[in-house]
Each structure stands twice: as C-alpha cells, then as structure tokens.
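Summary of the model geometry
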Amino acid sequence: MRGKREMTKKCPHSAAAVYTAALNSETDWEYVKFTLHLELCWTSMATGDWAKCAYHAKVQFESSNRSKTFCAYLEMIALYHKSPGDTAALVKLAEEVPKHLLVIAGKHIHVEKYCIRKARSFLKNKNFLFCPAYELMYFFGISAFCDDKRLRL
C-alpha cells in the first residue's frame with residue numbers, strides 16, 4: 001500500500017524503494033513476487049530506467065507461468081526504449097510474444113491479444129513502434145502517476 005501511495009504522490013523512486021524492500025523480505029508467495037516485479041516495471045518505466053524494467057520483466061517471464069505473453073512484450077518494449085538499435089534481440093522477443101498465449105475457459109486474455117497485435121505490428125513495420133512504453137503506461141493508467149516532464153517527447 002505504501003508503494004501505491006508513493007506512486008499517487010508522483011514519487012516513483014520512493015515507490016521503487018518500498019517495492020524492492022518488500023520483494024527482498026518476501027520469500028514464499030510467488031504471486032506476491034510477480035506483482036512486486038510488475039510494480040517495479042511500472043516504477044522503472046515512470047523513471048525512464050529501461051534496464052531495470054527489462055530485468056524485472058525478464059524475471060517475471062522466467063519465474064512465473066502467468067501471462068508470459070505480457071512479460072515478453074514488457075521486456076521487448078523496455079529493450080526497445082533502452083537500445084532501439086539492437087534489432088536482433090527485439091525481433092527475437094517479438095517473435096516469442098505470440099508463442100505463450102494463455103487460454104482460460106476457452107477465451108483469450110485481452111491484454112495478451114493486445115501485446116500480440118503490437119508485437120506483430122513491430123515486425124510488420126520494419127522493427128518500429130511509436131513510443132510503446134508510454135502507450136502501455138497510458139493503457140494501464142500509470143501515466144497519471146508520472147511527473148509531467150517525464151512524459152514529454
């Protein structure tokens with residue numbers, strides 16, 4: 001709760017410290033770890049620390065069976081903003097995104113369909129996406145917690 005409160009005060013660095021402390025103290029519950037890594041991805045995006053965002057997305061992808069499509073897309077867009085010239089790694093991740101689509105009760109998860117559509121668009125448009133992290137932050141409402149200067153292009 002403290003981390004969310006810090007994000008609403010537009011202090012993503014303080015929120016990241018709270019989430020990191022919680023992650024270091026938590027050892028048993030995998031879902032809590034997944035959620036903390038996701039929150040650390042959002043705080044890293046809000047501060048523009050793309051390397052940390054990619055790290056937390058990769059940890060989510062490797063350690064959890066939940067929404068691997070979303071985690072692969074998160075890692076892809078973090079690497080896209082961190083080093084847009086590394087097209088080989090980006091193409092590899094974009095091709096991996098559709099392979100992990102979850103089907104629950106015969107239905108696909110809408111966020112995963114969105115991620116697959118964006119990954120295919122990346123491959124189709126000659127390895128280009130226009131500000132995918134900011135688009136995802138807006139989609140999840142994280143952009144409201146960022147400092148306005150951070151969102152200017």
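Now for a look at the structure at hand. (Residues numbered from 1 in each chain as written. Predicted model: local features only at pLDDT ≥ 70, side-chain atom pairs only at ≥ 80, totals over all residues. Heavy atoms only, no water.)

Quick notes on the overall build of the protein
Helices and strands together make up the secondary structure of the protein, namely eight helices and two strands. Helices (α) and strands (β) of the protein occur, in sequence order from the N terminus, as α-α-α-α-α-α-β-β-α-α. On C-alpha atoms alone, the protein measures out to a radius of gyration of 15 Å, which is about the 15 Å that the 2.2 N^0.38 rule sets for 153 residues. Across the 153 residues that make up the protein, the buried fraction comes to 42%. When the accessible area of the protein is evaluated, it comes to approximately 8,700 Å², of which 57% is carbon and sulfur surface. Taken as two groups, the 23 positive and 15 negative side-chain charges of the protein have centres that lie 5 Å from each other. (Helix = DSSP H or I, 4+ residues; strand = E, 2+ residues; numbered from the N terminus. Rg over C-alpha atoms; globule rule 2.2 N^0.38 Å. Buried < 20%, exposed > 50% of the residue type's maximum accessible area, 1.4 Å probe, protein only. Areas by Shrake-Rupley, 256 points an atom, 1.4 Å probe, with all protein chains shown as cover. Lys, Arg positive; Asp, Glu negative; His and termini not counted. Charge placed at Lys NZ, Arg CZ, Asp CG, Glu CD.)

Some remarks on the nonpolar core
Residues Trp42, Met45, Tyr73, Leu74, Met76, Ile77 and Leu136 are the most contacted members of the largest nonpolar core, which totals 45 residues. Contributions of two or more residues to this core are made by α2 (12–25), α3 (30–47), α4 (50–63), α5 (68–82), α6 (87–96), α7 (110–124) and α8 (132–140). Top element by residues in this core is α5. It accounts for 10 residues. Apart from the residues lying within four places of it in its own chain, the contact partners of Leu136 are Trp42, Met45, Phe70, Tyr73, Leu74, Ile77 and Tyr114. (Core = buried A, V, L, I, M, F, W, Y, C linked by side-chain atoms within 4.5 Å. Contact = heavy atoms within 4.5 Å.)

A look at the environment of Thr47
Relative to the helices and strands, Thr47 resides in helix α3. Taking the C-alpha atoms as reference, Thr47 lies 9.2 Å from Cys11; in sequence the two are 36 residues apart. One polar contact links the side chain of Thr47 to the main-chain carbonyl oxygen of Ser44, over a distance of 3.2 Å. (Polar contact = N/O pair within 3.5 Å; in protein donor to acceptor, adjacent residues only side chain to side chain.)

Let's talk about the packing of α3 against α5
α5 packs onto α3 with a crossing angle of 25° between their chain directions and a minimal axis gap of 12 Å. With respect to each other, α3 and α5 are oriented roughly parallel. Crossing handedness for the pair α3 and α5: left-handed. Together, Phe34, Leu38, Cys41, Trp42 and Met45 of α3 and Phe70, Cys71, Leu74 and Ile77 of α5 make up the contact between the two elements. In terms of residue class, the contact of α3 with α5 is built from nine nonpolar, no polar and no charged. (Axes fitted to C-alpha atoms, helices over the stretch in contact; angles between N-to-C directions. Parallel < 35°, antiparallel > 145°, perpendicular 65-115°, else oblique. Left-handed = near helix turned anticlockwise from the far one by under 90°. Nonpolar A, V, L, I, M, F, W, Y, C, P; charged D, E, K, R; others polar.)

Focus on the side chain of Glu75
Along the chain, Glu75 falls in helix α5. Salt bridges are absent for the buried Glu75, whose nearest opposite-charge side chain, Lys58, sits at 4.4 Å. Sequence-distant contacts of Glu75, that is, excluding residues within four places in its chain, are made with Ala54, Ala57, Lys58 and Leu93. (Salt bridge = Lys/Arg side-chain N within 4 Å of Asp/Glu carboxyl O.)

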